[in-house]
Every structure is written in C-alpha cells, then in structure tokens.
Amino acid sequence: MSFRWPVRVYWEDTDAGGIVFYANYLKFFERARTEWLRAAGVEQHQLREDTGLMFVVAATSLRYAAPARLDDLLTITVEPEPAGRASLVVRQRALRGDTLLAEGEIRIGCVRAEDLKPQRLPDAVISAIAS
C-alpha cells in the first residue's frame, strides 16, 4: 500500500518553457515523504529534539518518463521497503492521473544530528512506518 500526497505545479516549479524543472521532483518527493512520516506519527523536528537523531538523504536514483507542466495536479506516492538498521529505502512516483511522470528510489539514513554519524533507527520509528 502506498501513501499518496497531492502537489500542484506552480510557476516557481517550472523552467522557461512551463515544464517542471527536473530537480523539483526531488522537492516534491521530499514533501511527500515528510507528510508520510507525519501521517505515521513521526514528526521530524520532535524526533531530533527527543532523540538527537535526524534523517538525511544518502542516495537518489530518478527516471523521468513524461513532463509535468504549469498548473498540473500531481500525485506523489511513497512506498517504503522494509527498514534496515540505520537506513530505509523509499520508492516514489510522480503521477498526473494515471500517467507516470517520474519515479525514483531514495535511500534515507538515520544520523546523530550533532556529528552526522549513522545511528540505528529507533524502534518507535520502525514500528510507525511499518504500519
């Protein structure tokens, strides 16, 4: 089952031709992951305050299939894979209706905020995102 988040394309998201600038899909994916975590009960600022841990993007791989344009209403999906000890992989897609626009795989690492050293994902986070 995937989490879905709507995103409207604004002028600021497009290039001179009115097409979404390729790097902005990463922004759309980030917003959807944040809302997915929030829906699962994981508030990232609270995680940092309570545990000193935070998430960082460790790797991305994206494929572009079709352009999104100004004023399009997109759906961004989030499909997590089972979490590892200190990271998780999330598969994401940008859709306009049933049309695939972009898809990617994002590896998220859990690190200690003070020195960015990898840390084990808290059990509460693993439980929250697994449900």
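Cut-offs and rules
Residues numbered from 1 in each chain as written. Predicted model: local features only at pLDDT ≥ 70, side-chain atom pairs only at ≥ 80, totals over all residues. Heavy atoms only, no water. Helix = DSSP H or I, 4+ residues; strand = E, 2+ residues; numbered from the N terminus. Rg over C-alpha atoms; globule rule 2.2 N^0.38 Å. Contact = heavy atoms within 4.5 Å. Core = buried A, V, L, I, M, F, W, Y, C linked by side-chain atoms within 4.5 Å. Buried < 20%, exposed > 50% of the residue type's maximum accessible area, 1.4 Å probe, protein only. Pairing = 2+ DSSP bridges. Axes fitted to C-alpha atoms, helices over the stretch in contact; angles between N-to-C directions. Phe/Tyr/Trp six-rings, centres within 6.5 Å; stacked < 30°, edge-to-face > 60°.

Looking at an unreviewed UniProt entry, one finds the protein named Tol-pal system-associated acyl-CoA thioesterase and attributed to Pelomonas margarita.

(A) Summary view of the overall build of the protein. When you go through the protein residue by residue, the secondary structure sums to 3 helices and 5 strands. What you see in the protein, going N to C, is helices and strands ordered as β-α-α-β-β-β-β-α. Against the 2.2 N^0.38 benchmark of 14 Å for 131 residues, the protein shows a C-alpha radius of gyration of 15 Å, consistent with a compact globule. Projected onto the principal axes, the alpha-carbon positions of the protein cover approximately 45 × 30 × 25 Å. Long-range pairs, those at least 24 residues apart, make up 66% of the contacts in the protein with a sequence separation of at least 6.

(B) Layout of the nonpolar core. Counting residues in each nonpolar core, the largest one holds 30 residues, and the members touching the most others are Y25, W36, F55 and I76. The set of elements that each furnish at least two residues to this core consists of β1 (3-8), α1 (24-39), β2 (53-64), β3 (73-80), β4 (87-96), β5 (99-112) and α3 (123-130). In terms of residue count, the dominant contributor to this core is α1 (6 residues). Residues in contact with W36, not counting those within four places in the same chain, are F3, V78, P80, L88, V90 and I129.

(C) Main features of the sheet that holds β5. Strands sit in the order β1-β3-β4-β5-β2 across an open sheet of 5 strands; the sheet is antiparallel. Unpaired on one side and paired on the other, β1 and β2 mark the two borders of the sheet. The average angle at which neighbouring strand axes cross in this sheet is 25°, direction not considered.

(D) Just the packing of aromatic side chains, in detail. Scanning all chains against the criterion turns up 5 aromatic pairs. Seen from their ring centres, Y22 and Y64 are 6.5 Å apart, and the 85° between their planes marks the pair as edge-to-face. Taken together, the positions of Y22 in the loop between β1 and α1 and Y64 in strand β2 put the pair 42 residues apart, joining distant regions of the chain. Judged by relative accessible area, Y22 falls into the exposed class, the value being 51%. Clustering of aromatic rings is evident, with ring pairs tying together F21, Y22, Y25, F28 and Y64.

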